[in-house]
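Descriptive structure summary
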Amino acid sequence: MLNKNVKYFTTGEFAKICKVNKQTLIYYDQIGLLSPVMKDSKEYRYYSLAQYDFFSVIELLKAVGMSLKDIQQYMAEKSPENFLELMHLQKEIVAKKRRELEMIEGIIDVKIDLTKESLQLDFDSITIEHFPEATLYLSRNIEDSTEEQFVKAVSDFIDELDRSRLDTGYPIGGITKREQVLAGNYDNYRYLYIEQPHPQEGHPYFKAIEGKFIVGYHVGTSTTLGETYKRLFQVMREKGYELGQYVYEEYIYDAVIKNREEEYVTKIMVEIKEGC
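Right, let's walk through the structure included here.

What follows deals with the sheet that holds strand S2 (residues 38-39). Here we have three strands laid out as an open sheet, ordered S1-S3-S2, and antiparallel in their pairing. Here the strands that pair on one side only, and so sit at the sheet edges, are strand S1 (8-10) and S2. Where S1 meets strand S3 (residues 45-48), three bridges bridge the pair, whose relative direction is antiparallel. The partner of Phe 9 across the bridge, within S3, is Tyr 47. Helix H1 (residues 11-18) rests against S1 and S3 of the sheet, and its axis sits at about 95° to S1.

This is the structure we're talking about:
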């Protein structure tokens, strides 16, 4: 029997208050998660305003990834102590998700900035630039790897970036030693790398030296990479420089931005030093 001194809501009215459809409330009733305070002789459901907070907690727990089954389990053993423990646990989960979202936002910001910069580049240009010291996270040594070993090294490197939260949004590049470049083995990388503008403690890092670099861009597949290197070396000799210890390569445009491999753009940064 309805208490005339208490305001009750029909299923439709309560669903509107909770901003869900009626079927959600009916389902919650069927599984015993949130049942109406009253049912009349015609089986019409009635809810009280006090149940809104109950509903809000259910939606809160769902929002942080808790299953209906786990919510039911708590509801079967609810108490102030259990509720407090549950809220502390969910707060930790929310904090973790917040950190993950902040990392994702940082990656998006980097990709926006890099893409904007790429739109201002002249891919036919060859320039001499001074780079500050940069902190890089490196893969294991992959020089002289077989194709199978290289594929595994790339997979392991990406797994490590994900596991250690070291993906900064910067492109994964390759470092080639001087000896390999002089021998024409431009893609026989010594290491894979990713830039780390804000290094975390507890990880080994590589410091790319501060200094001068000849910078150019290769448009197309790796089969014609040697032609771009020849252009870079010609400018290097004309300016009186010698090849330094390392060459760095990273994609400006890859499959994320271009459909055809012939349109990919690779940035090549050649470490140089004054000639004798």
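This brings us to unusual backbone geometry. Despite not being glycine, Lys 19 has its phi angle at roughly 60°, a positive value. Topologically, Lys 19 is positioned in the loop between H1 and helix H2 (22-30). For Arg 165, which is not glycine, the phi torsion reads 55° and is therefore positive. Turning to its location among the elements, Arg 165 is positioned in the loop between helix H6 (147-163) and strand S6 (173-177).

Right, let's talk about a positive patch on the surface for a bit. On the surface, Lys 91, Lys 96, Arg 98 and Arg 99 cluster together into a positively charged patch. Relative to the helices and strands, Arg 98 resides in helix H5 (residues 80-118). Arg 98 gets classed as partly exposed once you look at its relative accessible area, which sits at 46%.

Let us now look at the layout of surface pockets. Taken as a whole, the second largest pocket spans an internal volume of roughly 260 Å³. Along its surface, the second largest pocket is lined by 14 residues, and Met 103, Asp 167, Thr 168, Pro 197 and His 198 are the ones closest to its centre. Residue classes in the lining of the second largest pocket are distributed as six nonpolar, five polar and three charged.

Analysis parameters
- Residue indices begin from 1 for each chain and proceed along its sequence in written order.
- For this predicted model, a pLDDT threshold of at least 70 governs which residues receive local features, and a threshold of 80 or more governs which side-chain atom pairs are given and counted, while totals over whole chains, interfaces and linings are taken from all residues.
- Note: side-chain values were computed over all heavy atoms of the structure, leaving out hydrogens and water.
- By the convention used here, strands pair only if DSSP detects at least 2 bridges between them.
- Counting from the N terminus, the helices are the DSSP runs of H or I reaching at least four residues and the strands are the DSSP runs of E reaching at least two.
- Two residues form a contact once any of their heavy atoms are found within 4.5 Å.
- For helices, the fitted axis covers only the stretch in contact; all axes are lines through C-alpha atoms, and the angles between them, taken along N-to-C directions, range from 0 to 180 degrees.
- Each patch is built from salt-bridge-free residues with over 30% relative accessible area, joining like charges within 9 Å and nonpolar side chains (Val, Leu, Ile, Met, Phe, Trp, Tyr) within 5 Å.
- Per-residue and other accessible areas follow the Shrake-Rupley method at a 1.4 Å probe size, with only the shown protein chains counted as cover for residues.
- The salt bridge definition used is simple: a Lys or Arg side-chain nitrogen within 4 Å of an Asp or Glu carboxyl oxygen.
- We score Asp and Glu as negative and Lys and Arg as positive, and we do not count His or the chain ends.
- Charged side chains are reduced to one point each, which is NZ for Lys, CZ for Arg, CG for Asp and CD for Glu.
- Exposure is judged per residue with a 1.4 Å probe applied to protein chains only, and the accessible area is read against the type maximum: over 50% gives exposed, under 20% gives buried, and values in between give partly exposed.
- Grid points spaced at 1 Å and placed over the protein atoms alone form the basis of the search, with a cavity being a set where a 1.4 Å probe fits but cannot get out and a pocket an open set showing protein on both sides within 12 Å along at least five of seven lines. Lining residues have an atom within 4 Å of a point.
- Grid points are joined across faces, edges and corners, and a volume is the space filled by probe spheres set on the points.
- Each residue gets one label: Ala, Val, Leu, Ile, Met, Phe, Trp, Tyr, Cys and Pro are nonpolar, Asp, Glu, Lys and Arg are charged, and the others, such as Gly, are polar.

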